[in-house]
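Okay, here's what each chain looks like letter by letter:
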Amino acid sequence: MEGFKLAQHIILIGFMGAGKSSVARKLARFENMNSIDMDIYIEREAGMKIPQIFALEGEAGFRQRETIFLESLFRRDRCILSCGGGVVTRDENRRALKLLGTVVYLQVSAAEALSRIEHPESRPLLNGDTPPGELLAARTALYEDAADIIVDTSGRSLSEVTSEVIKALRQVGAL
Ligand code: S3P
């Protein structure tokens, strides 16, 4: 899992509703670092909300935007990045993630993820043909492959998860 890194970002991956954005914000405050939310960045850059990007450019267009954004991170100062849940679906993205820094996979079950998501209408893939459980099952090995650290979030509060992430990052020398 561990390997050579070209940059030293801290990167959170995992399924929709895993808590990536919330953990990234809390971690950034705690460690006095900048955090970037990939979905928000892409929306600003595109001048459109994610459902609109999917409608106009398809999932492929959105994935291309994710890849371009990841490439730009090699030229950015160290930050905490929360990724969109599908970032691992492209091989080139998983390769980039490994080089970009320490990747933390926040694990969550499909049922718990769904109970946490406040705006399901803003996630086109939750309204698609594949049930969330199947989507998660298809992606689990990809998350694991990209991860340096795996943290189970089931039944845990934001503070508990953030503390465990910090502990794990300290153990590998990323903090
Ligand atoms: C997606 C997850 C979303 C967003 C887009 C696609 C996915 O991000 O990038 O709707 O494919 O799982 P969150 O994981 O932040 O909800």
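Only a predicted model underlies this, so the values are computations on that prediction, with no experimental measurement involved.

**Q** So what exactly am I meant to see when it comes to a nonpolar patch on the surface here?
**A** Residues Phe4, Leu6 and Phe74 make up a contiguous nonpolar surface patch of roughly 340 Å² in combined accessible area. Counting through the fold element by element, Phe74 comes out in the loop between helix H3 (50-72) and strand S3 (80-82). For Phe74, a relative accessible area of 33% gives the class partly exposed.

**Q** I'm lost on the nonpolar core in this one. Help?
**A** Counting residues in hydrophobic clusters, the biggest one holds 57 residues, and the most contacted among them are Ile13, Leu70, Leu81, Leu97 and Val165. By residue number, the principal contributor to this core is H3, which donates 6 residues.

**Q** Which parts of the structure should I look at to understand helix H4 (residues 91-100)?
**A** Residues lying three or four places apart along an α-helix face the same way, a consequence of the helix completing one turn every 3.6 residues. Among all positions of H4, only Asn93, Arg94, Ala96, Leu97 and Leu100 are buried. When H4 is viewed along its axis, its buried side chains cluster within an angular range of 160° and face the same direction.

**Q** Sorry, what's going on with the sheet that holds strand S1 (residues 9-13) here?
**A** Strand-to-strand pairing in sheets goes through backbone hydrogen bonds, with the strands running parallel or antiparallel. Strand order in the open sheet made by the 5 strands is S2-S3-S1-S4-S5, with parallel pairing throughout. What marks the edges here is a single partner per strand, and that holds for strand S2 (35-37) and strand S5 (149-152). This sheet shows a mean twist of 20° between the axes of neighbouring strands, independent of strand direction. Against the sheet, H4 contacts S1 and strand S4 (101-107), and its axis sits at roughly 120° relative to S4. Its contacts with the sheet place helix H6 (residues 132-146) against S1, S4 and S5, and it is angled at close to 145° to S4.

**Q** Is there a simple way to think about the pairing of S5 in this case?
**A** Side chains of S5 alternate between two faces, with Ile149 and Val151 buried and Ile150 and Asp152 left unburied. As paired strands, S4 and S5 are joined by 4 bridges and run parallel to one another. Among the inter-strand pairings, Val104 is bridged to a residue of S5, identified as Ile149.

**Q** Would you explain the packing of helix H1 (residues 20-31) against helix H7 (residues 158-171) in this entry?
**A** Any two packed helices are characterised by how steeply their axes cross, that is the angle between the axes, and by the distance between the axes. Across the interface, H1 lies against H7 with an axial gap of 10 Å and an inter-helix angle of 60°. When the axes of H1 and H7 are compared, the pair comes out oblique. Read as a crossing pair, H1 and H7 show a hand that is right-handed. Contact residues: H1 offers Ser22, Val23, Lys26, Leu27, Phe30 and Glu31, while H7 offers Leu158, Ser159, Val161, Thr162, Val165, Ile166, Leu169 and Arg170. Residue composition of the contact of H1 with H7, by class: 8 nonpolar, 3 polar and 3 charged.

**Q** Just checking my understanding: could you explain the pattern of salt bridges for this structure?
**A** Pairing is possible between side chains that carry opposite charge, provided their charged atoms lie close to one another. In total, this model carries 12 salt bridges according to the counting rule given. Residues Arg94 and Asp91 are paired through a salt bridge, measuring 3.0 Å at the closest nitrogen-oxygen approach. Linking Arg94 with Asp91, this pair stays in helix H4, spanning 3 residues, or about one helical turn. Salt bridges here are not isolated pairs; linked through shared partners, they connect Asp91, Arg94, Lys98 and Asp145.

About the criteria used
Residues numbered from 1 in each chain as written. Predicted model: local features only at pLDDT ≥ 70, side-chain atom pairs only at ≥ 80, totals over all residues. Heavy atoms only, no water. Patch = residues over 30% accessible without salt bridge, like charges linked within 9 Å, V, L, I, M, F, W, Y side chains within 5 Å. Areas by Shrake-Rupley, 256 points an atom, 1.4 Å probe, with all protein chains shown as cover. Salt bridge = Lys/Arg side-chain N within 4 Å of Asp/Glu carboxyl O. Helix = DSSP H or I, 4+ residues; strand = E, 2+ residues; numbered from the N terminus. Buried < 20%, exposed > 50% of the residue type's maximum accessible area, 1.4 Å probe, protein only. Core = buried A, V, L, I, M, F, W, Y, C linked by side-chain atoms within 4.5 Å. Arc of directions from axis to C-beta. Pairing = 2+ DSSP bridges. Axes fitted to C-alpha atoms, helices over the stretch in contact; angles between N-to-C directions. Contact = heavy atoms within 4.5 Å. Parallel < 35°, antiparallel > 145°, perpendicular 65-115°, else oblique. Left-handed = near helix turned anticlockwise from the far one by under 90°. Nonpolar A, V, L, I, M, F, W, Y, C, P; charged D, E, K, R; others polar.

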